[in-house]
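Coordinates in review
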Amino acid sequence: MVPNSRYPLCPLSSAIASLEAGTSVNAEDRPARPDEHGVLRVSAIGEGRFLPKENKAILPSELPRMGPAIAAGDILVSRANTLALVGLAARARGDSPNLHLSDKTWRVQLRESDDGTARWLVHAINSPHVRAILRRRATGTSGSMKNIGQRTFLGICVPLPPRETRSRIADVLGAISRHAELLADLTTVTRQLKLGLMQQLFSGRLRLPGFSAPWKVHRLGDLFFERTESNRPDLPLLSITADRGVVRRDELERRDTSNPDKTAYLRIAPGDIGYNTMRMWQGVSALSSLEGIVSPAYTICVPNEWVDNRFAAILFKHKPVVHLFRRYSQGLVDDTLTLRFHEFAQIRVSIPEVREQRSIAAVIATVDAEIRLLEDLQSALQLQRSSLLDKILSGEIPIPAS
């Protein structure tokens, strides 16, 4: 129950007349082209946001069986999804005559089909109060796919304000949601900017001011040597992650499966670059700012005076270089591909002199800092939105008439 609600608690069926389901059709595992028809994936419904690109192209033979098309203003609900996402709602902003409901998607038919009620309802369905109920009542044995039945969904109680108040509530919550969407879009654009900069800077097509010396091709074995120090159980246990870099193992939430005997574990020092020997073809490597030991499943590379470690750490995430790591990895299938140091050492890369390397690394570090700032802002806004949503929907925080 929502505490301190100024409005009567009523089931969702008080606002929803019915839920229209789509159909299950055979489709290709790719988005539909503009001249094709597509069926919505469950991922098409984000938190308050409809993502029309998340669809699969319907096979021509299945066209007579496809579900209803999406129209502007439709409220869509994911009736089957992961536990965190099942029951989410979103509203279509425009007509999508070639996109169709799947059997895992509902279209909401309102009892009062006014715009204010429609906008308010999306926020009510996505509120922390309703999300918590859906997580408790969703059924299904698969952890990756939970279901919610119509009767269960329509029976969930929410604070139901007067019709004229719903529009004002939706205006306030809509402004917060638009802010969150703009931040998410800006973060995406900044990540794309980073990728574009890396393509230009690490290929030498774009040179920073003050640098014109030709780039030289080096074997990685001429730029790094392998650190193989072991028998240092006195040092803290570290882990090399794809997204967080080198971190203390006890900071990770997953279970510690390391060997109790740490004598064979390898020392890694600040400035070293460590990589997962069996996942370097996926770009799992990081520059360390810590001293500690890591599993023998990692390879530790120590840069010499010809290469800047920050530049190298970014270079090792650059897609063309990751492709080289895959090409030189040994193994019959992906699960067995390994890149040991002697194979790593044979790879040739073209790089500038160290001073230019440092300047390139500084540019990318600036963009990374901006991405982290945007991510922090997104997290803060999400916390603020979650804390306000139920209070505004319940009237605990009243919205004055304009």
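Note that the structure is a prediction, hence the values are computed from the model and not measured. (Residues numbered from 1 in each chain as written. Predicted model: local features only at pLDDT ≥ 70, side-chain atom pairs only at ≥ 80, totals over all residues. Heavy atoms only, no water.)

Overview of the sheet that holds strand E18 (residues 273-276)
Formally: If DSSP finds at least two bridges between two strands, the strands pair. To qualify as a helix, a DSSP run of H or I must reach at least 4 residues; to qualify as a strand, a run of E must reach at least 2; elements of each kind are numbered from the N terminus. Comment: axis = line fitted to C-alpha atoms, over the contacting stretch for helices; angle = value between 0 and 180 degrees taken between N-to-C directions.
Ordered by their spatial adjacency, four strands build an open sheet running E14-E21-E18-E19, and the pairing between neighbours is antiparallel. Two strands bound the open sheet, and with one partner strand each, they are strand E14 (224-227) and strand E19 (285-287). Across the sheet, the axes of successive neighbouring strands diverge by a mean angle of 30°, strand direction being ignored. Relative to strand E21 (residues 298-303), E14 runs antiparallel, the two sharing four bridges. The partner of Arg 227 across the bridge, within E21, is Ile 300.

Examining the pattern of salt bridges
Quick note on the threshold: We count a salt bridge whenever a side-chain nitrogen from Lys or Arg sits within 4 Å of a carboxyl oxygen from Asp or Glu. Whether a residue is buried, partly exposed or exposed follows from its accessible area with a 1.4 Å probe, protein chains only, as a fraction of its type maximum: under 20%, in between, or over 50%, in that order.
For the structure shown, the criterion picks out 31 salt bridges. As a salt-bridge pair, Arg 107 and Glu 20 come within 3.1 Å of each other at their nearest N and O atoms. With a gap of 87 residues between them, Arg 107 in strand E10 (residues 105-110) and Glu 20 in strand E2 (residues 16-21) connect regions that are remote in the sequence. For Arg 107, a relative accessible area of 10% corresponds to the buried category. Judged by relative accessible area, which is 27%, Glu 20 ranks as partly exposed. With a shortest N-O distance of 2.8 Å, Lys 194 and Asp 368 are connected by a salt bridge. On the criterion of sequence distance, the pair formed by Lys 194 in helix H4 (residues 163-201) and Asp 368 in helix H8 (residues 354-394) is long-range, its members being 174 residues apart. It is possible to trace a salt-bridge network through shared partners that takes in Glu 28, Arg 30, Arg 33, Asp 35 and Glu 36.

Some details on the pairing of strand E15 (residues 238-241)
The side-chain alternation of E15 yields two buried faces, one formed by Leu 238 and Ile 240 and the other by Ser 239 and Thr 241. Pairing between E15 and strand E16 (residues 245-248): four bridges, direction antiparallel. Residue pairing across strands places Ser 239 opposite Val 247, the latter belonging to E16. With antiparallel pairing between neighbouring strands as the criterion, E15 and E16 make up a hairpin whose turn holds three residues.

The values reported here are purely geometric and, on their own, carry no functional implication.
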